[in-house]
Amino acid sequence: MYICVCRAVTERHIHAAVRDGAKSMKDLRDTLGVGTECGSCGSCAKQCLREAKNNIAASDNINSHYAAA
């Protein structure tokens, strides 16, 4: 799904940016240009960023659980 139409940024782009180290909206602005045009994508981008960070944290927890077993 498109998150930022102005910059053609999708949910996948944001998830990839988080995997590559993005941790904040500033990081998304700097790497993907999210929110730099009209700004209407801000709240949706924040939610997507939060979800991506949670997914990575959950994945890390699962991986560390199996690594310890």
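Now for a quick tour of the structure. As the structure is a prediction and not an experimental result, all values here were calculated from the model. (Residues numbered from 1 in each chain as written. Predicted model: local features only at pLDDT ≥ 70, side-chain atom pairs only at ≥ 80, totals over all residues. Heavy atoms only, no water.)

1. Re the pattern of salt bridges
Reasoning step 1: This structure, assessed with the given rule, holds 2 salt bridges.
Reasoning step 2: Between arginine 7 and glutamate 37 there is a salt bridge, with the nearest N and O atoms lying 3.0 Å from each other. You can see arginine 7 sitting in the loop between strand S1 (2–4) and strand S2 (9–10) and its partner glutamate 37 sitting in the loop between helix H2 (25–32) and helix H3 (42–68), a full 30 residues away along the chain.
Reasoning step 3: As a salt-bridge pair, lysine 26 and aspartate 30 come within 2.7 Å of each other at their nearest N and O atoms. Separated by 4 residues within a single helix, lysine 26 and aspartate 30 lie in helix H2, roughly one turn from each other.
Reasoning step 4: The partly exposed category is assigned to lysine 26, whose relative accessible area is 48%. (Salt bridge = Lys/Arg side-chain N within 4 Å of Asp/Glu carboxyl O. Helix = DSSP H or I, 4+ residues; strand = E, 2+ residues; numbered from the N terminus. Buried < 20%, exposed > 50% of the residue type's maximum accessible area, 1.4 Å probe, protein only.)

2. Thoughts on unusual backbone geometry
Reasoning step 1: Phi at alanine 8 is positive, roughly 55°, even though this residue is not glycine.
Reasoning step 2: Following the sequence through the fold, alanine 8 ends up in the loop between S1 and S2.
Reasoning step 3: A relative accessible area of 39% means that alanine 8 is categorised as partly exposed.

3. Concerning the environment of leucine 28
Reasoning step 1: Take leucine 28: it is sitting in helix H2.
Reasoning step 2: Distance from leucine 28 to leucine 49, taken between C-alpha atoms, is 8.5 Å for residues 21 residues apart in sequence.
Reasoning step 3: The residues contacting leucine 28, other than those within four sequence positions of it, are Ile14, Ala17, Ala22, Gly33, Val34, Ala45 and Leu49. (Contact = heavy atoms within 4.5 Å.)

4. Observations regarding the nonpolar core
Reasoning step 1: Ile14, Met25, Leu28, Val34 and Ala45 are the most contacted members of the largest nonpolar core, which has 15 residues in total.
Reasoning step 2: For this core, the elements supplying multiple residues, two or more each, are S1, helix H1 (11–19), H2 and H3.
Reasoning step 3: Of all the elements, H3 adds the most residues to this core, at 4 residues.
Reasoning step 4: Setting aside residues up to four positions removed in sequence, valine 34 forms contacts with Cys4, Val9, Met25, Leu28, Arg29, Cys41 and Ala45. (Core = buried A, V, L, I, M, F, W, Y, C linked by side-chain atoms within 4.5 Å.)

5. Considering a positive patch on the surface
Reasoning step 1: A contiguous patch of positive charge on the surface is contributed by Lys23, Arg29, Lys46, Arg50 and Lys53.
Reasoning step 2: Broken down by element, the residue count for the positive patch peaks at 3 residues, all from H3.
Reasoning step 3: Residue position: lysine 53 is located in helix H3. (Patch = residues over 30% accessible without salt bridge, like charges linked within 9 Å, V, L, I, M, F, W, Y side chains within 5 Å. Areas by Shrake-Rupley, 256 points an atom, 1.4 Å probe, with all protein chains shown as cover. Lys, Arg positive; Asp, Glu negative; His and termini not counted. Charge placed at Lys NZ, Arg CZ, Asp CG, Glu CD.)

It is worth stressing that arrangement in space is one thing and function is another; only the former is reported here.
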